[in-house]
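Close look at the chain arrangement
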Amino acid sequence: MRLTEYRKHLGSKLKHEELPLILGMIKGNAVRCKSNRSCNVVWVALLQVAKPVTALLGHFKRRSSCKAKSLEVKPQIITLAFNYLVFILSQKCSCHVMLSQMELSGLAFAVWMFICLCGPLDGYPNGKIREVCSSMMPHHGSSPQLSPEHIITVNGTEFKPGDRIEVNLSGPDFEGFFIQARDAEHLDSPAVGSFILADQRLSQLLTCGHTKNSAVSHTSKAKKKYVKVYWIAPGDAPKHVQFLATVVKKYKTFWVKIPGAIVSQPNAPSPTMPLHRTSETVSASHPISYLTKPFNASGCGNKKFCIRNPSSCDPESASCFFLSFRQEKSSVLIEMSGPSEGYLAFALSHDQWMGGDDAYVCVNEDHHVSVSTAYLKGRSPPVLNSENALEDVSWRLADGVLQCSFRRNIHLTAHKGRFNLDASYYIFLADGEASEGGLIHKHHRQPLITSGMYNITGLPQDIGGSRSPRLIKAHGALMFVAWITTVSVGVIVARFFKPVWSHSFLFGKEMWFQVHRMLMLTTVMLTSISFVLPFIYRGGWSKQAGFHPYLGCTVMALAICQPLMAGFRPSPHAPRRQLFNWFHWSTGTTARILAVVTMFLGMDLPALDLSDPWDTYMMIGFVAWHVGIDVLLEIHSYCLIRKVEVIEDDRIQILQSLTSAEAEGHLFKQIVLTIYVCGNIVFLIAFLAAINQI
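Quick summary incoming for the structure in this document.

Rules used throughout
- Throughout, residues of each chain are indexed from 1 in the direction in which the sequence is written.
- Local features in this predicted model are restricted to residues whose pLDDT is 70 or higher, and side-chain atom pairs enter the listing and the counts only when it is 80 or higher, whereas totals over whole chains, interfaces and linings include all residues.
- Computation of side-chain values covers all heavy atoms of the structure but excludes hydrogens and water.
- Here a salt bridge means any side-chain nitrogen of Lys or Arg lying within 4 Å of a carboxyl oxygen belonging to Asp or Glu.
- Secondary structure is summarised from DSSP: a helix means a run of H or I of at least four residues, a strand means a run of E of at least two, and numbering begins at the N terminus for each.
- Note on classification: 1.4 Å probe, protein chains only; a residue is buried when its accessible area is under 20% of the maximum for its type, exposed when over 50%, partly exposed between these limits.
- Here the expected length of a helix is defined as 1.5 Å per residue gap, with one fewer gap than residues.
- One bridge is not enough; two strands pair if DSSP finds at least two bridges between them.
- Fitting a line to C-alpha atoms yields each axis, with helices limited to the stretch in contact; the angle taken between N-to-C directions then spans 0 to 180 degrees.
- What counts as a disulfide here is a pair of cysteine sulfur atoms lying within 2.5 Å.
- The set of buried Ala, Val, Leu, Ile, Met, Phe, Trp, Tyr and Cys residues whose side-chain atoms join them within 4.5 Å is what this entry labels a nonpolar core.
- What makes two residues a contact is simply this: any of their non-hydrogen atoms within 4.5 Å.
- Note: crossing handedness is left-handed where the near helix turns anticlockwise from the far helix by less than a right angle, and right-handed where it turns clockwise.
- Side-chain classes are defined by residue name, with Ala, Val, Leu, Ile, Met, Phe, Trp, Tyr, Cys and Pro counting as nonpolar, Asp, Glu, Lys and Arg as charged, and the others, Gly among them, as polar.

Another aspect to go through is the pattern of salt bridges. Here the structure, examined in full by the defined rule, presents 15 salt bridges. Between lysine 223 and glutamate 175 there is a salt bridge, with the nearest N and O atoms lying 3.7 Å from each other. Taken together, the positions of lysine 223 in the loop between β6 (211-218) and β7 (224-232) and glutamate 175 in the loop between β2 (164-174) and β3 (176-183) put the pair 48 residues apart, joining distant regions of the chain. Here arginine 201 ties to aspartate 199 by a salt bridge, and the two come within 3.1 Å at their closest N and O atoms. Given the relative accessible area of 68%, arginine 201 is considered exposed. What makes aspartate 199 partly exposed here is its relative accessible area of 22%. Salt bridges sharing common partners tie together Arg326, Glu328, Asp392 and Arg407.

With 26 residues, helix α10 (residues 577-602) should cover 38 Å at 1.5 Å per step; its first-to-last C-alpha distance of 37 Å lies within 8% of that length. Among all positions of α10, only Arg577, Phe580, Ser586, Thr587, Gly588, Ala591, Arg592, Ala595, Val596, Thr598, Met599 and Gly602 are buried.

For the rest of this paragraph, the subject is the sheet that holds β2. Pairing is antiparallel across the open sheet formed by 4 strands, whose spatial order is β1-β2-β7-β4. Lying at the two open borders of the sheet, with one neighbouring strand each, are β1 (151-154) and β4 (194-197). Taking the axes of each pair of neighbouring strands and ignoring which way they run, one obtains an average angle of 30 degrees across the sheet. Strand direction decides the pairing type here: β1 and β2, joined by 4 bridges, are antiparallel. The partner of threonine 153 across the bridge, within β2, is asparagine 168.

Tallied over the entire structure, the rule returns 4 disulfides. Here cysteine 133 pairs with cysteine 208 through a disulfide, and the sulfurs are 2.0 Å apart. Its S-S torsion of about -70 degrees marks the bond between cysteine 133 and cysteine 208 as left-handed, since a negative value means left-handed. One end of the pair, cysteine 133, is in the loop between α5 (101-117) and β1; the other, cysteine 208, is in strand β5 (residues 203-208), and 75 residues separate them in sequence. As far as the burial class goes, cysteine 133 and cysteine 208 line up, both buried.

Another aspect to go through is the nonpolar core. By size, the foremost hydrophobic cluster in this structure holds 59 residues, and its most contacted members are Leu169, Trp231, Phe243, Leu323, Phe325 and Phe346. Aside from chain neighbours lying at most four places away, what touches phenylalanine 325 is Lys304, Phe305, Val332, Leu333, Ile334, Phe346, Ile427 and Ile456. In terms of nonpolar packing, the next biggest core, distinct from the first, is built from 32 residues, Trp483, Val596, Ala607 and Ile691 among them.

Two elements in contact, helix α8 (residues 511-538) and helix α9 (residues 548-567), have axes whose closest approach is 10 Å; the angle formed by their N-to-C orientations is 145 degrees. Like other packed secondary-structure pairs, α8 and α9 cross with a definite hand, here left-handed. In contact with Leu521, Val524, Thr527, Ser528 and Phe531 of α8, α9 contributes Gly552, Cys553, Met556, Ala559 and Pro563. Looking at the contact of α8 with α9 residue by residue, the class counts come to 7 nonpolar, 3 polar and no charged.

For strand β8 (residues 240-250), the tally of buried residues reaches 9 of 11 residues, placing the bulk of the element in the interior. In this structure, β3 lies alongside β8, joined through 8 bridges in antiparallel fashion. Across the sheet, residue arginine 182 finds its bridge partner in β8, namely glutamine 242. Strand direction decides the pairing type here: β8 and strand β9 (residues 253-264), joined by 8 bridges, are antiparallel. Counterpart to glutamine 242 in the pairing with β9 is isoleucine 262. Remark: 2 residues form the turn of the hairpin made by β8 and β9, two consecutive strands paired antiparallel.

The values reported here are purely geometric and, on their own, carry no functional implication.
Written out as structure tokens, the structure is:
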């Protein structure tokens, strides 16, 4: 191949993988091209340059860390320089111009300088980025992105010198990161404190300035979603410390100095400047506000309208749902907080049913909270609005608690579907799960709903709410009274107290029978009333309650059959009396067993979601209590019968001994009955109290 032909070959966009082949071609031409001394010198010069170039390419290929975009560019840069060299030399050859050895050496040196100067363009795939400690700006030849997608959270809001604070960086997949802690009031100051690694495979310690281990970066460009480290507060720490992070998603896609959580020393005065902005992010991104502390209940009832669940709970706790409204001139500042990993939402409604409501949603999207308005149509998922009417949006994620605050005008006539805030509404507060991308799923339990309509811009109040409608609460309470108290006591009386109260009469009938009949009729009446309440509330059959309504209908049918069957019972000595007794006992026992199973299922339904696992343990305790008393009385009856048989066999003082044995047995049974009734009342009160707290 002549050099002029190789010049033409340059038009085919030589790839760096072809350089080893070109090296072989150069060697052959350097030997054969002896007739033209100029060309020979040219080929010799190319050979001198091509050898180290090819070796350098092989070095890049072998390096395991050469996966970054910047290092992928290097071979192309070298190839370009090599092509440029051939182009110049080919021109010299074609013009039969002699090149001196000095010219060749200078030209080769210039090529190597060009290659070496390209070096600073690469990134830091190994994370050793001490050169950018101050600016935290990657040398990637592009500008930072605007809105951050990643967040920095901590496990506390206060610190003392020597404390260890857990710091988490999370968000969509990213390759590189750089974390520092700085004085929140002077973000351009040097790094503060030192770090300890949680996973040495993902992160490494760096020294910025004079502070050892004062920064953390990546160890490779492997994709990651989450990084955890520990920050050690120094003895000379400032009053407020803010964590900053630079995150590289791809080589050209990165964010600089993402503002993270702020921790403060106890009783530290308020900072003198906004804590959520940094020198980089003010100019490089839209302002994003991160709440520095959890909400508090100060001012509830006198300065702001508050809704809390449980009632009077502390919004700083991890189990409190909190919603507050504070009017400020023509706008309202809204704060919403609660234990949720997915989303929190509240809605203003004209009734206590979902549909046609003005809603506001805070969604955790890959550890980044988005706040938007929405519209509820029937029981369909909320429709998020593209036009957001909210201002001063802030949020915080810490310890499993999602918090967000925002401001909106009292009147939003330009935004369709937004209610005026100077009217009265029912207020809903809901929480649930959100999948990747912020997709909202249906809440697993009933939303918190206020008991009445309230004007949030009117007189400030501090109220609670209920996650269960009143009709469903009444349904559960009546069923508990019927199947924990009345039916249980009625069965015990009929089974064990015939001989005890056989000579006592009430309204002309034996007392045990009258007590039994009264308790059983009460059970049927309470069950019937309770049975119709869910149908009134739902307006029909519930398709989302699982097996509970089917079992409930079965229990209701069996409960009605019992008094109807008793009305046709044969006389005590009739031939069919034994058959009646068997049917009466089996029907009642089946109803009681199904009733317990139905209550087990009903306690965890969204409309009456009692505290888990407390409700399960309490129901198991009740069943064990009832079975235990039943077994105890059975054993006592058996022992009493055996004692009477022994007395009859001895035939000594038979009448006196029988009377004494019966008296002892009657007293024992009455004591057990009293204890049993008291125990049942305790279980009943516990369940009713739990329903009242929903």
